[in-house]
Amino acid sequence: MDNSALSINVLKKISLLVAKRSPVRELIGRILDALHSEMGLLRGTVTLREGDMLVIEASEGLSKNEIERGTYRVGEGITGKVAQEGKPRIIPDVSKEKAFLNRTGARSGEKNVAFICVPIIYREDVIGTISIDRRVDKNTDLDADLRLLEIIANITADAVYTAYTAVDEREKLISENRRLHLELENKLRPDEFIGSGANMKKVYSMIFKVADSSATVLIRGESGTGKELVARAIQKNSARKERPFVSVNCAALPEGLVESELFGHEKGAFTGAISRKIGLVEVADGGTLFLDEVGDLTLFMQLKLLRFIQEHTFYRVGGGEERKVDVRIIAATSRNLEEMIRAGKFREDLYYRLNVFPIYLPALRNRKCDIVPLAEFFLQKYNAVHNKTVSRISTTAINMLTSYYWPGNVRELENSVEYAVLNTSDNVISGYNLPPSLQTEMTVRSCAVPSIDDSESADYETLVNNFEREIITNALKANKGNATGAAKSLKTTPRIILYKIKKLHIDTSLYKF
């Protein structure tokens, strides 16, 4: 069959396929199949443009792995140039063409194989490409093949555009879904909080669930986890947000003054009561009363609090008038109340009154993905407080932060970052700038040699000083600040160590513990 008859036969088949309005992916696959059967092509691909990338939408003669590798940037290689310029290309022998990328890896070692690629143009915009590989012999007319491929690209452009717009719409939907998901996450995260771990997302969800109600909330968690922050977030997202928020640390109140502080007293109620005093429950009227460390209350005060929660009424110390207030109770504790109940140190009935809606705050060591964002937040905070310009935390310091146990939780992390901000003399927090409590043998050893990240802007002398400082700090830590012991462990003399301590401005008193 001559070339003209072959071309007519191919075009007839493809026209019938287009007329049937088959699904686009199926249509493209059948077009490539027709080219394979009628023209004897080795391989064929149709790519679609996705932004600055060309991705194979359908193919003939390529394996799954080869298809996955066949991704190009617009302007990259032969296919990318065709998409960029909107002009077809013929490569008579791919084995002799240096610009041919062979990204799929399907053509390795092949000779006498031509590559033809034409753009798919819809309303003057290149939306993709069609390309074929075919063997070349003395009867091959590559120019005729190119013209045929251009005609095929023209008559299938509308159908391919449908696939192109489907890809575009899919990308838009994915992008919109990501945006909405992020927006929802931000909406469901109180402004005061930093952290995106699963356990914190559960806390955020609980905050929003209970905020609009008047239910009593019991916040559980170790010291320093941010229990008061949760209480304030509940208040801020409730109908009482414009009303008072009164915080009481039950552990900090003297035992004999707890009742007076909470409920107030009348003049002359006891020695020293020279005037009437309004209690904190009255100050909080219409708003929220936050009782921190409620587990530290005596049994006597627990009984008083139980009655107040049940009735929302109270008597001032030394007063005979029953008073009523509208106050929402949020309590918090770091104690194990269940064990205290078993030991007879906490009233079971009060426990059930407080534990209507419990919220459990995770320890910082159980939310390690939040350590770096928290540290960066505190870095900016204390830059502003202390008028510093520390721009980042080194990789070594980050490793130390994330490997530490954090018994003091977020509060300890905040204090550690403030210490480091004050302790650094440049614009980077390095490992040795962190508090002595973080300078464990393991973490100091891991950061003894400055990393590339630490040394990007440092000169040779600075790097050597940092190296020596880390080694000496480690030795001082191991010897509780004793320079002679540090010298012995480093197999050097006390005179040299003392000289280095003075030169590097190392405070040995930090390690005497």
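All values reported here derive from a predicted model rather than from experimental measurement.

Novice: Hey, could you run me through the environment of Gly 224 in this one?
Specialist: Position of Gly 224 among the secondary structure elements: in the loop between strand E7 (217-220) and helix H7 (227-236). For Gly 224, a relative accessible area of 6% corresponds to the buried category. Contact partners of Gly 224, with chain neighbours within four places excluded, come to Gly 408, Asn 409, Val 410 and Arg 411.

Novice: I'm lost on the sheet that holds strand E5 (residues 113-122) in this one. Help?
Specialist: Strand pairing in a sheet relies on backbone hydrogen bonds, with the paired strands running either antiparallel or parallel. One open sheet holds the 6 strands; their spatial order is E3-E2-E1-E6-E5-E4, and the pairing between them is antiparallel. For this open sheet the edge positions go to strand E3 (71-73) and strand E4 (89-91), each flanked by a neighbour on one side alone. In this sheet, adjacent strand axes meet at a mean angle of 20° when their direction is disregarded. Sheet topology places strand E2 (residues 53-60) next to E3; 3 bridges connect them, and they run antiparallel.

Novice: Would you explain the sheet that holds E7 in this entry?
Specialist: Read from one edge of the open sheet, 5 strands run E8-E11-E14-E7-E15, paired in parallel fashion. Of all the strands in the sheet, the pair left with one neighbour each is strand E8 (245-249) and strand E15 (357-360). Averaged over neighbouring strand pairs, the angle between their axes works out to 20° when direction is ignored. Inspection of the sheet shows strand E11 (residues 288-292) paired to strand E14 (residues 328-333) by 4 bridges, in the parallel sense. Following the sheet pairing, Leu 289 is matched in E14 by Ile 329.

Novice: Which parts of the structure should I look at to understand the pattern of salt bridges?
Specialist: Here the idea is simple: oppositely charged side chains can pair when their charged atoms come close. Applying the stated criterion across every chain yields a total of 18 salt bridges. Glu 261 serves as the salt-bridge partner of Lys 277, at 2.6 Å between the closest nitrogen and oxygen. Of this pair, Lys 277 sits in strand E10 (residues 277-278) while Glu 261 sits in helix H8 (residues 258-263), and the two are 16 residues apart along the sequence. Judged by relative accessible area, which is 28%, Lys 277 ranks as partly exposed. By sharing partners, the salt bridges in this structure join Glu 266, Glu 282, Arg 316, Glu 321 and Arg 323 into a single network.

Novice: Would you mind showing me how to read the confidence of the model for the chain here?
Specialist: Note that predicted coordinates carrying low pLDDT should not be read in detail. Per-residue confidence for the chain gives a mean pLDDT of 81; residues scoring 70 or more make up 84%. Here residues 441-458 scores under 50 on pLDDT; set against residues more than four positions off or in separate chains, the count is 30 contacts.

Novice: What should I look at first to understand the pairing of E15 in this one?
Specialist: Look at any regular strand and the pattern is simple: side chains alternate between the two faces of the sheet. Burial along E15 is one-sided: Phe 357 and Ile 359 are buried, while Pro 358 and Tyr 360, pointing the other way, are not. Pairing of E7 with E15, which is carried by 4 bridges, proceeds in the parallel orientation. Of the residues in E15, the one forming a bridge with Arg 220 is Tyr 360.

Novice: Looking at this model, I keep getting lost on the side chain of Asn 383. Mind explaining?
Specialist: Its location among the elements puts Asn 383 in helix H13 (residues 371-386). For Asn 383, a relative accessible area of 8% gives the class buried. Sequence-distant contacts of Asn 383, that is, excluding residues within four places in its chain, are made with Lys 388, Thr 389, Val 390 and Val 421.

Novice: What exactly am I supposed to notice about H7 here?
Specialist: For an α-helix, the turn length of 3.6 residues means that residues three or four places apart are oriented alike. Within the span of H7, buried status applies to Lys 227, Val 230, Ala 231, Ala 233, Ile 234 and Gln 235. Where H7 is buried, its residues touch helix H6 (198-211), E7, E8, E11, E14 and E15.

Novice: What am I meant to see in the packing of aromatic side chains here?
Specialist: Centre-to-centre distance and the angle between the planes together describe a pair of aromatic rings. In this structure the tally under the stated criterion is 8 aromatic pairs. Judged by centre distance (5.2 Å) and plane angle (75°), the rings of Tyr 351 and Tyr 352 are edge-to-face. When its relative accessible area of 9% is taken as the criterion, Tyr 351 is described as buried. Residue classification places Tyr 352 among the exposed residues on the basis of a relative accessible area of 53%. Taken together, Phe 263, Phe 308 and Phe 314 form an aromatic cluster joined through their ring pairs.

Parameters and conventions
- Residues numbered from 1 in each chain as written.
- Predicted model: local features only at pLDDT ≥ 70, side-chain atom pairs only at ≥ 80, totals over all residues.
- Heavy atoms only, no water.
- Helix = DSSP H or I, 4+ residues; strand = E, 2+ residues; numbered from the N terminus.
- Buried < 20%, exposed > 50% of the residue type's maximum accessible area, 1.4 Å probe, protein only.
- Contact = heavy atoms within 4.5 Å.
- Pairing = 2+ DSSP bridges.
- Axes fitted to C-alpha atoms, helices over the stretch in contact; angles between N-to-C directions.
- Salt bridge = Lys/Arg side-chain N within 4 Å of Asp/Glu carboxyl O.
- pLDDT = per-residue confidence, 0-100.
- Phe/Tyr/Trp six-rings, centres within 6.5 Å; stacked < 30°, edge-to-face > 60°.

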